[in-house]
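# Observations on the model geometry
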Amino acid sequence: MNLSPAQLDRIAYRRRQTVISVLIAAASTLVVGVLLAVGLTGAPGWDRVRASFFDLDVARDALPDVAAGLWLNVRLLVFCALGALALGLLIALLRTLRGPVFFPVRALATGYTYTFRGLPLIIVLYVLTLGVPGLRLQGMPSVLVLGGIALVITYAGYLAEVFRAGIESVHPSQLAAARSLGLTYRQTMRHVVLPQAIRRVAPPLLNDTVALQKDVGLVSLAGPIDAVRAAQISTAETFNYTPYIVAGVLFVLLAMPLIAVTDWVTLRAARRQS
Amino acid sequence: MILSVQGVRKVFGSQVVLSSLDLDVDEHQVVALIGASGSGKSTLLRCVNLLEEIDDGMIWLDGSHITDPRVNPDKVRQRIGIVFQSYNLFPHMTVLENVILAPVRVHGRSSKEATDAAREWLTRVGLGDKADAYPDRLSGGQQQRVAIVRALINSPRLLLLDEVTSALDPELVGEVLSMIRDLKGEGMTMVLATHEMGFARQVADRVCFLDGGKVLEQGPPEQVFGDPREPRTRQFLSRIIEAGRL
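Residues numbered from 1 in each chain as written. Chains lettered and ligands numbered in written order. Predicted model: local features only at pLDDT ≥ 70, side-chain atom pairs only at ≥ 80, totals over all residues. Heavy atoms only, no water.

## Examining the UniProt feature "domain: ABC transporter" (unreviewed entry) in chain B
Note the following rule: UniProt positions are given in the numbering used here, feature names are shortened, and annotations may be inferred rather than shown by experiment. In this description a helix means any DSSP run of H or I spanning at least four residues, a strand means any run of E spanning at least two, and both kinds are numbered starting from the N terminus.
When the UniProt feature table is mapped to this numbering, "domain: ABC transporter" (unreviewed entry) covers residues 3–237 of chain B. In this annotation, residues 3–237 of chain B is assigned 37% helix and 25% strand; the end-to-end C-alpha distance for the span is 27 Å.

## Digging into the UniProt feature "domain: ABC transmembrane type-1" (unreviewed entry) in chain A
UniProt annotation of "domain: ABC transmembrane type-1" (unreviewed entry) refers to residues 70–262 of chain A when read in the numbering used here. Secondary structure across residues 70–262 of chain A divides into 80% helix and 0% strand, with the first and last C-alpha atoms of the span separated by 22 Å.

## Regarding the sheet that holds strand 9 (residues 206–211) of chain B
Residue and element names in this part refer to chain B. In plain terms, the rule: At least two bridges found by DSSP between two strands is the condition for calling them paired. Every angle, taken between N-to-C directions, lies between 0 and 180 degrees, and every axis is a line fitted to C-alpha atoms, over only the stretch in contact when it is a helix. Contact between two residues is taken to exist if any of their heavy atoms lie within 4.5 Å; hydrogens are not considered.
As summarised here, the arrangement of the 6 strands in space is 6-7-8-3-9-10, forming an open sheet in which the pairing is mixed. The open sheet is flanked by strand 6 (80–83) and strand 10 (214–219), the only strands paired with a single partner. Between one strand axis and the next, the sheet turns through 20 degrees on average, direction left out of account. Docked against the sheet, helix 9 (residues 231–242) engages strand 3 (30–34), strand 9 and strand 10, running at close to 100 degrees with respect to strand 9.

## What to know about the environment of Gly 248 of chain A
Along the chain, Gly 248 of chain A turns up in helix 10 (residues 242–273). Separated by 161 residues in the primary sequence, Gly 248 of chain A and Leu 87 of chain A place their C-alpha atoms 30 Å from one another.

## Quick word on the sheet that holds strand 4 (residues 56–61) of chain B
What the 4 strands build is an open sheet, ordered 2-1-4-5 (chain B); its pairing is antiparallel. Since the sheet does not close on itself, it has two edges, and those belong to strand 2 (15–25) and strand 5 (64–65) of chain B, each with one partner.

## Here we look at the pairing of strand 7 (residues 158–162) of chain B
Residues and elements named next belong to chain B. Our working definition: Each residue gets one of three labels from its accessible area relative to the maximum for its type: buried under 20%, exposed over 50%, partly exposed in between, using a 1.4 Å probe on protein chains only.
With respect to burial, strand 7 is a largely interior element, 5 of its 5 residues being buried. Side chains Leu 158, Leu 160 and Asp 162 project from strand 7 onto one buried face, and the interleaved Leu 159 and Leu 161 project onto a second face that is buried too. Bridge count between strand 6 and strand 7: 4 bridges; the pairing is parallel. When the bridges of strand 7 are listed, Ile 80 appears paired with Leu 158. Across 4 bridges, the pairing between strand 7 and strand 8 (residues 190–193) is parallel. Along strand 8, the bridge assignment pairs Asp 162 with Ala 193.

Encoded structure:
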């Protein structure tokens, strides 16, 4: 392939520009890094902070307990995320039903999203984990399950609104096309509206799941020991805050794959739109 | 008679779009609806397909009253095909999936049987190699042909075409029109709303000029285009001629 001198010149110019930008980026990153390191380690109290937050021995001792707590977070996250997605989708579908017959369900679903988006999660947790067992009913599930239910019903309120936004973003002409082929309302939802809606709102749904990942730890308020609670216990034993840092690092590591998936899905959705 | 529209009225808010409109369509007939934008052509087609609820009158399909509130609209729509101006293919499905959705889900045909029929149809209209493509990879004319196949595969008694070439680039209009011409040859009963006067003249057995929510004038194309009786029709056609579309 023979390129014209003008094009060769353009390519050479762009290549030079790229090299220059990379060099500038590297230099500025280095400067910021050095400044931060000097500022932090040069602070008058740095030695004490390092001893109480970044003690490797304490970290090693605390790791097994914190990791065991994190395992609880992971299990809760999986069940609560699935539960909240299912319940949220159901409520969103109920809210989109038309016709006077469905007024009560629609009103209930709307009331649900208003209530549980407004109510602080901690209060829902206390009511379910401390109040409900007080009923002394037969076959009462464990506090852990009750806490999980509190998370599910709270997050379902947010997720329902995300799903509803997705459902309403599908153009009415798509519904008309599906109904004109003889598909019923349910078939139209199932085969035409929901597949498009869910694809569109996948990024915000995953984003809420990342938020849920941190909130599942709140069940420890009712007794079960999650990663943060485990860190708090070892902190109380050693008078050293390093276990919190350990738990924090583990949380970030745990969130990374989910955040990466969210970014990838968002990027793919954006590319499909264009 | 396949379709009989009797005294149909349709109101949007305070705007009367159709007022006691009558229209009869016999089997194997092709009826073209012409008229200015907003004259109710699309609304009439949407009413026939029960996508809009009428405010008075009756619509009969094959001798049964389909605007009776006790009639299940899904069952009625299974017997009518409609093609829209903006194609309205389902973007998350391939061409093949678009075409077999209704045969499988509504008409209870097996996936294998529907796929074979769909491939045959797509090949016939020159889209055999596009079966596994997504709609956004197709040109407007190709998308519209898929939309027509999607409606035809259910063997409708009546096919409604709502300005099916209005969104197409001029050089793509021909491929869709020739497909409709072939359908006429096969005896498909069609009602088409159109701005393509030349095409209406060629393909229609009867042309209906809609004005003021009514069929103001109707007759064979030679008569309506060649010697319109109503002054409003004459005015409309002369404007079209001025715009160079006839």
